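Here is what each chain is made of, one letter per residue.
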Amino acid sequence: MTSSTAVLTADLTAELHACLDKFALVDADELDADGQADMLLSMTRAESRIAAAKLTVLAAAERSRTALRSGAASTGQWAAKVINTDQAAAHRQVGLAQGLDRRIATQQALSAGDISPEHAAVIVQADRQLPTQIKAEQRDVVERTLIGKAQTLSPGALRKAARRALAAVEDDTVVVDAHENEIVADLEARARAKTRLTMYDNADGTVTGHFTIPVLQGHLLRKVLETITAPRRSRLGATHAQAGDQEARTDWDRARGEAFCELLEHVPTDHLHPKTAATLVVSVELDTLRDALKVAHLDTDESLSAGEVRRLACTSSLLPAVLGGASLPLDLGRSARLFSEPQRTAVGVRHKTCAADGCERPFAWCELHHLVAWALGGKTDLDQAVPLCHFHHQRIHDGNYQHVRARDGSITFHQRR
Ligand SMILES: [Zn+2]
Ligand SMILES: [Zn+2]
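Residues numbered from 1 in each chain as written. Chains lettered and ligands numbered in written order. Predicted model: local features only at pLDDT ≥ 70, side-chain atom pairs only at ≥ 80, totals over all residues. Heavy atoms only, no water.

(A) Layout of the side chain of Glu143. Mapping Glu143 onto the fold places it in helix 8 (residues 136-150). A residue is classified by how much of its surface remains accessible, and Glu143, at 5% relative accessible area, is buried. Among residues more than four places away in sequence, those in contact with Glu143 are Arg103, Ile104, Ala105, Thr106 and Ile123. (Helix = DSSP H or I, 4+ residues; strand = E, 2+ residues; numbered from the N terminus. Buried < 20%, exposed > 50% of the residue type's maximum accessible area, 1.4 Å probe, protein only. Contact = heavy atoms within 4.5 Å.)

This is the structure we're talking about:
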């Protein structure tokens, strides 16, 4: 850099900051809706122009190998250090800067503040994805078409439109379709490669996990969870005993978390192989299944409260290995202990929803609770079966609550004093 250039940029920077200082004095509360929109728009344009200036510096740094001379491994690493940002973000910016170096029209549109950096990234990416045999003039046409669309489309909408960018220079829809399909298939393959799930035990009774999955399965999961959280669990104004924590019903993160737990307990493990790998085994003494207040142990070395074990004993999701006094397995097997499919169908004819008063969770998701526990000599007869949603099934096995069964079969919970 010549010294005169250095003086010039220093002067310009001072001017820019002086101008921003004046903007900081504007009282946004004093602006009417039009004024607010104007300011938002002009600041956004200015942001784009500043981003363009930043990207031209990065492109120049890449060309002049600034990183090597300052001991950094790459321009991204060098930039991350200079502006104190994450390396991944800096690398993305360098990638965009290099792309804009080749797409002059896009660079100019960004520099003029006509499009945002997000729009520019979509256009550069679309250019990279064009078939290799396409001519330079055709690339220019595609680019200009996308810049035009960026005036009205959001970056997300532009990304979708860009998959058919080839249509600007290709009349044959079959070719455009095939190219779009190739782009989408490539995206899917990269999503599969990025798929991860990590979990760690917090040692406080919870496990924290993090996952990255393809968008298809992501939407699937969201849909399932939304379906589980949707129906009301109680009437308006129901007691805490009947409806549970207010927080669990109004905090959506928590509601989704609980729905996720419910989902996991209802995964049909009998379709998975090998069966034993997907089934947790609970070791429990017969006394605990009857009425003792004693924890049981999972084969993963975790403990379960007596209430949870008794609830699980009603369902098929976990298989209790019931131990007698001499630690001998006493379980009579699922056939004697669990309700059969025909029985379940018969109960479903009588109940459309969870049996708890005011609960609208559909019967299909309910667990069949035994009015008199199998371990207490209860039979798996039809009149012993009560459909309860996951939440109310936990309630009925929770020692802190007692319940009353009305003549019509509906169940009301009360806190024990
Ligand atoms: Zn039960
Ligand atoms: Zn319920």
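Having seen the model, we can carry on.
(B) Spotlight on a nonpolar patch on the surface. Judged by side-chain polarity, Leu16, Leu20, Phe23, Val26 and Ile50 come together as a nonpolar surface patch covering roughly 370 Å² of accessible area. In terms of residues, the nonpolar patch owes the most to one element, helix 1 (residues 3-24), which gives three residues. Looking at the secondary structure, you find Leu16 in helix 1. Residue Leu16 is classed as partly exposed on the basis of its relative accessible area, which comes to 41%. (Patch = residues over 30% accessible without salt bridge, like charges linked within 9 Å, V, L, I, M, F, W, Y side chains within 5 Å. Areas by Shrake-Rupley, 256 points an atom, 1.4 Å probe, with all protein chains shown as cover. Salt bridge = Lys/Arg side-chain N within 4 Å of Asp/Glu carboxyl O.)

(C) A look at the pattern of salt bridges. Tallied over the full model, the rule gives 18 salt bridges. Arg164 is paired through a salt bridge with Asp177; the nearest N and O atoms lie 2.9 Å apart. Of this pair, Arg164 sits in the loop between helix 9 (155-162) and helix 10 (173-194) while Asp177 sits in helix 10, and the two are 13 residues apart along the sequence. Given a relative accessible area of 30%, Arg164 falls into the partly exposed group.

(D) Up close: the coordination of the zinc ion (ligand 2). Ligation of the zinc ion (ligand 2) by protein atoms is provided by Cys354 (SG), Cys359 (SG), Cys389 (SG) and His392 (ND1), these donors lying 2.1 to 2.4 Å from the ion. The site at the zinc ion (ligand 2) holds four donor atoms, and with the angles between them running 100 to 117°, its shape is tetrahedral. (Donors = N, O, S within 2.8 Å, 3.2 Å for Na, K, Ca; no water. Tetrahedral: all angles 85-135°; square planar, octahedral: opposite > 155°, others 65-115°.)

(E) Looking closely at the pairing of strand 9 (residues 401-405). Examined bridge by bridge, strand 9 and strand 10 (residues 411-415) share five bridges and lie antiparallel to one another. Looking across to strand 10, one finds that Gln402 is bridged to His414. From the end of strand 9 to the start of strand 10, which pair antiparallel, there are five residues, and Gly409 there has a positive phi angle of about 95°. (Pairing = 2+ DSSP bridges.)

(F) Molecular detail of the environment of Val224. One can find Val224 in helix 11 (residues 215-229). Residue class for Val224 comes out partly exposed when judged on its relative accessible area of 30%. Spatially, the C-alpha atoms of Val224 and Phe260 are 8.8 Å apart, while their sequence positions differ by 36 residues.

(G) Broad picture of helix 14 (residues 252-265). Taking 1.5 Å per residue, 14 residues should reach 20 Å; helix 14 reaches 20 Å between its end C-alpha atoms and fits that length. Taken residue by residue, helix 14 has Ala255, Ala259 and Glu262 as its buried positions. On an axial view of helix 14, the arc spanned by its buried residues comes to 55°, and they lie on one face. Away from its buried face, by an angle of more than 90 degrees, helix 14 presents the exposed residues Asp253 and Leu264. By the N-cap criterion, in which a side-chain oxygen at the helix start approaches the backbone nitrogen of a residue two or three places on, helix 14 is capped by Asp251, the distance to Asp253 being 3.0 Å. (Expected span 1.5 Å × (residues − 1). Arc of directions from axis to C-beta. Polar contact = N/O pair within 3.5 Å; in protein donor to acceptor, adjacent residues only side chain to side chain.)

(H) Representation of a negative patch on the surface within the structure. Taken together, the side chains of Asp201, Asp204, Asp301 and Glu302 make up a negatively charged region of the molecular surface. Within the element layout of this structure, Glu302 appears in the loop between strand 4 (296-298) and strand 5 (303-304). The partly exposed category is assigned to Glu302, whose relative accessible area is 39%. (Lys, Arg positive; Asp, Glu negative; His and termini not counted. Charge placed at Lys NZ, Arg CZ, Asp CG, Glu CD.)

(I) A look at the side chain of Thr66. For Thr66, the location among the structural elements is in helix 3 (residues 66-69). Classification of Thr66 by relative accessible area gives buried; the value is 18%. In terms of polar contacts, Thr66 uses its side chain to reach the side chain of Ser64, at 3.1 Å. When sequence neighbours within four positions are dropped, the list of residues in contact with Thr66 reads Ala61 and Trp78.

(J) Spatial organisation of the packing of helix 8 against helix 9. Two elements in contact, helix 8 and helix 9, have axes separated by 10 Å at closest approach and are oriented at 150°. The angle between the axes of helix 8 and helix 9 places the two elements in the roughly antiparallel class. As for how helix 8 packs across helix 9, the hand of that crossing is right-handed. Packed against helix 8, whose contacting residues are Leu146, Lys149 and Ala150, the element helix 9 presents Leu158, Ala161 and Ala162 at the interface. (Axes fitted to C-alpha atoms, helices over the stretch in contact; angles between N-to-C directions. Parallel < 35°, antiparallel > 145°, perpendicular 65-115°, else oblique. Left-handed = near helix turned anticlockwise from the far one by under 90°.)

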